[in-house]
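Understanding the architecture of this molecule
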Amino acid sequence: MVDAARRAKDERAKSLTVDRLVTLSNLVNRGLARLYSVRFGLSISEWRVLTVIARHPGISANAVSELAAMDKVRVSRAVSRLLESGHVERRSDQRDRRRGLLFATEEGLEIHAQAVPIARAYEVKLMAGLNGEEARLLEDLFGTLQDSADGIAREGFGMAVGLDLKAHCKPR
């Protein structure tokens, strides 16, 4: 059993950091998705969108997409479901009637208020293996990685790594 655990740890060490981050994100999302689905009837996408809207009342769907780092189609679907369920409402922008602004309803704000402590408890359990210094370092490292990822996204990945995407893309 010890050898299997050691081999698994060695394999993780060989993995690309981005693969490990995606795997960790998926594991956390899966755990929280079960909780949010059973308790609130929300998918992870709906939860993430509701959280952004609750924190930024009067936000546009495009801005939600940017802040949540989610693609516009996924945000659009989540907003539609949140509107249907009465957790979110859309109001016209007074300055530009074509633009819709999103607000959490009282019900949406109540769900958000109930879900945040659940997410915090999950985070505490997840971080339990780290001491205080390690937890602070991890927070700093996440900030640095997020800043780097934001910069790469603004620049365009291909440009950031010097890749000629046209030369490397398969024809359709």
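Structural data are supplied above this passage.
**Considerations on the overall build of the protein**
- In terms of regular secondary structure, the protein is built from 9 helices and 2 strands.
- If you list the helices and strands of the protein from N to C, you get α-α-α-α-α-β-β-α-α-α-α.
- For the protein, the residues scored as buried account for 24% of the 172 residues in total.
- A total accessible area of about 12700 Å² is found for the protein, and carbon and sulfur atoms account for 54% of it.

**Some remarks on the pattern of salt bridges**
- Under the counting rule described, the total for this entry stands at 2 salt bridges.
- Ionic pairing is found between Glu89 and Arg91, a salt bridge with its closest N-O pair at 2.5 Å.
- Residue Arg91 is classed as partly exposed on the basis of its relative accessible area, which comes to 41%.

**Thoughts on the nonpolar core**
- With 26 residues, the main nonpolar core has Tyr36, Leu42, Val49, Ile53 and Val64 as its most contacted residues.
- If you list the elements that add at least two residues to this core, you get helix 2 (17-40), helix 3 (44-55), helix 4 (61-68), helix 5 (72-85), strand 2 (100-104) and helix 6 (106-127).
- Here this core gets 7 residues from one element, more than from any other, and that element is helix 3.
- Ignoring any residue separated from it by four or fewer positions in sequence, one finds Ile53 in contact with Ile59, Val64, Val88, Leu102, Phe103 and Ala104.

**Focus on the environment of Gln114**
- Relative to the helices and strands, Gln114 resides in helix 6.
- Of note is the side chain of Gln114, whose polar atom sits 2.9 Å from the side chain of Glu110.

**Comments concerning the packing of helix 2 against helix 6**
- Relative orientation of the contacting elements helix 2 and helix 6 amounts to 145°, with a least axis distance of 11 Å. You can see that helix 2 and helix 6 cross each other, and the crossing is right-handed. Between helix 2, through Leu27, Val28, Gly31, Leu32, Leu35, Tyr36, Arg39 and Phe40, and helix 6, the contact on the second element is made entirely by Ile111, Gln114, Ala115, Ile118, Ala119, Tyr122 and Leu126.
- Residues that form the contact of helix 2 with helix 6 fall into these classes: 12 nonpolar, 2 polar and 1 charged.

**Here we look at helix 6**
- Across its 22 residues, helix 6 extends 32 Å between first and last C-alpha, which sits within 8% of the 32 Å expected from 1.5 Å per residue.
- Those residues of helix 6 that sit buried are Gly108, Ile111, His112, Ala115, Ile118 and Met127.

**Details of unusual backbone geometry**
- Backbone geometry places Ala69, a non-glycine residue, at a positive phi of 55°.
- You can see Ala69 is positioned in the loop between helix 4 and helix 5.
- Exposure remark for Ala69: the relative accessible area of 70% places this residue in the exposed category.

**Examining helix 3**
- In this model helix 3 runs 16 Å from its N-terminal to its C-terminal C-alpha over 12 residues, within 8% of the 16 Å that 1.5 Å per residue would give.
- In terms of burial, helix 3 is largely enclosed, as 10 of its 12 residues are buried.
- Residues Ile44, Ser45, Glu46, Trp47, Val49, Leu50, Thr51, Val52, Ile53 and Ala54 constitute the buried set of helix 3.
- Of the surrounding elements, those touching the buried residues of helix 3 are helix 2, helix 4, helix 5, strand 1 (88-92), strand 2 and helix 6.

**Some words on the environment of Ala119**
- Within the fold, Ala119 resides in helix 6.
- Along the backbone, Ala119 and Leu32 are 87 residues apart, and their C-alpha atoms lie at a distance of 7.4 Å.
- The residues touching Ala119, leaving out its near neighbours within four places in the chain, are Leu32 and Tyr36.

Cut-offs and rules
Residues numbered from 1 in each chain as written. Predicted model: local features only at pLDDT ≥ 70, side-chain atom pairs only at ≥ 80, totals over all residues. Heavy atoms only, no water. Helix = DSSP H or I, 4+ residues; strand = E, 2+ residues; numbered from the N terminus. Buried < 20%, exposed > 50% of the residue type's maximum accessible area, 1.4 Å probe, protein only. Areas by Shrake-Rupley, 256 points an atom, 1.4 Å probe, with all protein chains shown as cover. Salt bridge = Lys/Arg side-chain N within 4 Å of Asp/Glu carboxyl O. Core = buried A, V, L, I, M, F, W, Y, C linked by side-chain atoms within 4.5 Å. Contact = heavy atoms within 4.5 Å. Polar contact = N/O pair within 3.5 Å; in protein donor to acceptor, adjacent residues only side chain to side chain. Axes fitted to C-alpha atoms, helices over the stretch in contact; angles between N-to-C directions. Left-handed = near helix turned anticlockwise from the far one by under 90°. Nonpolar A, V, L, I, M, F, W, Y, C, P; charged D, E, K, R; others polar. Expected span 1.5 Å × (residues − 1).

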